[in-house]
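Here is how the chains run, residue by residue.
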Amino acid sequence: MSRRNKILVPEARNGLDALKARVVQSRSPENAKFEAAEEVGVPLKKGYNGQLTSEQAGKVGGRLGGSMVRELVKMAQENLSKRQ
């Protein structure tokens, strides 16, 4: 069973999953982390990945999280510029 991070607004889960898939250019949110891992050369597999180093795990998380934050900031900036 995969562990999911607790988000502050549970209703946003589907939107965040869609964003994750979009920033990695994946077909599905479930495959996004595996595609991101492949891009950075990390041998991520389904199930337990205890053999990964902190550096490897950080590369995958950084690729996903960093891209998602950049996209969210861009979306917010566009939203603000439309209001002015």
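Residues numbered from 1 in each chain as written. Predicted model: local features only at pLDDT ≥ 70, side-chain atom pairs only at ≥ 80, totals over all residues. Heavy atoms only, no water.

## Considering the overall build of the protein
The test is simple: Where helices and strands are cited, they refer to DSSP runs of H or I of at least four residues and of E of at least two residues respectively, numbered from the N terminus. Throughout, exposure labels follow a simple rule: accessible area from a 1.4 Å probe, protein chains only, divided by the maximum for the residue type, with under 20% read as buried, over 50% as exposed, and the rest as partly exposed. Contacts are assigned to residue pairs with any non-hydrogen atoms lying within 4.5 Å of each other. Surface exposure here means Shrake-Rupley accessible area, sampled with a 1.4 Å probe, where a residue is shielded only by the protein chains that are shown.
Per the secondary structure count, the protein includes 3 helices and 0 strands. Secondary structure of the protein in N-to-C order comes out as α-α-α. Here the protein, with 84 residues, has 23% of them falling under the buried criterion. A sequence separation of at least 24 residues applies to 35% of the contacts in the protein between residues at least 6 apart. For the protein, the exposed surface amounts to about 6600 Å²; the carbon and sulfur share of it is 54%.

## Focus: the packing of helix 1 (residues 13-24) against helix 3 (residues 54-83)
Heads up, the condition is: For helices, the fitted axis covers only the stretch in contact; all axes are lines through C-alpha atoms, and the angles between them, taken along N-to-C directions, range from 0 to 180 degrees. An angle below 35 degrees is treated as roughly parallel, one above 145 as roughly antiparallel, one from 65 to 115 as roughly perpendicular, and anything else as oblique. Residues are grouped as follows: Ala, Val, Leu, Ile, Met, Phe, Trp, Tyr, Cys and Pro are nonpolar; Asp, Glu, Lys and Arg are charged; every other residue, Gly included, is polar.
Relative orientation of the contacting elements helix 1 and helix 3 amounts to 105 degrees, with a least axis distance of 9 Å. Regarding the angle of helix 1 to helix 3, the classification is roughly perpendicular. Residue-level inspection shows Leu16, Leu19, Lys20, Arg22, Val23 and Val24 of helix 1 in contact with helix 3, the latter providing Arg63, Leu64, Ser67, Met68, Glu71, Leu72 and Met75. Taken together, the residues that form the contact of helix 1 with helix 3 break down as 8 nonpolar, 1 polar and 4 charged.

## Observations concerning the packing of helix 1 against helix 2 (residues 29-40)
Operational definition: Two helices cross in a left-handed way if the nearer one is turned anticlockwise from the farther one by less than a right angle. They cross in a right-handed way if the turn is clockwise.
Axis separation between helix 1 and helix 2 bottoms out at 8 Å; the angle between their running directions is 30 degrees. Crossing geometry of helix 1 relative to helix 2 is assigned as left-handed. From helix 1, Asp17, Ala18, Lys20, Ala21 and Val24 reach across to helix 2, where they touch Pro29, Ala32, Glu35, Ala36 and Glu39. Considered class by class, the residues forming the contact of helix 1 with helix 2 number 6 nonpolar, no polar and 4 charged.

## Observations regarding the pattern of salt bridges
Cut-off, in case you're wondering: Put simply, a salt bridge is a Lys or Arg side-chain nitrogen that is within 4 Å of an Asp or Glu carboxyl oxygen.
One pass over the full model with this rule turns up 3 salt bridges. Between Glu71 and Arg22 there is a salt bridge; the shortest N-O distance is 2.8 Å. Within this pair, whereas Glu71 is found in helix 3, its partner Arg22 is found in helix 1, the two being separated by 49 residues in sequence. What makes Arg22 partly exposed here is its relative accessible area of 48%.

## As for the environment of Lys45
Rules: Nitrogen and oxygen atoms within 3.5 Å of one another constitute a polar contact, given that in protein one can donate a hydrogen and the other can accept it, and given that sequence-neighbouring residues count only through two side-chain atoms.
By secondary structure assignment, the location of Lys45 is in the loop between helix 2 and helix 3. On the accessibility criterion, Lys45 (41% relative accessible area) is partly exposed. Beyond its immediate sequence surroundings of up to four residues, Lys45 is in contact with Phe34 and Gln51. A distance of 2.8 Å separates the side chain of Lys45 from the backbone oxygen of Tyr48, its partner in a polar contact.

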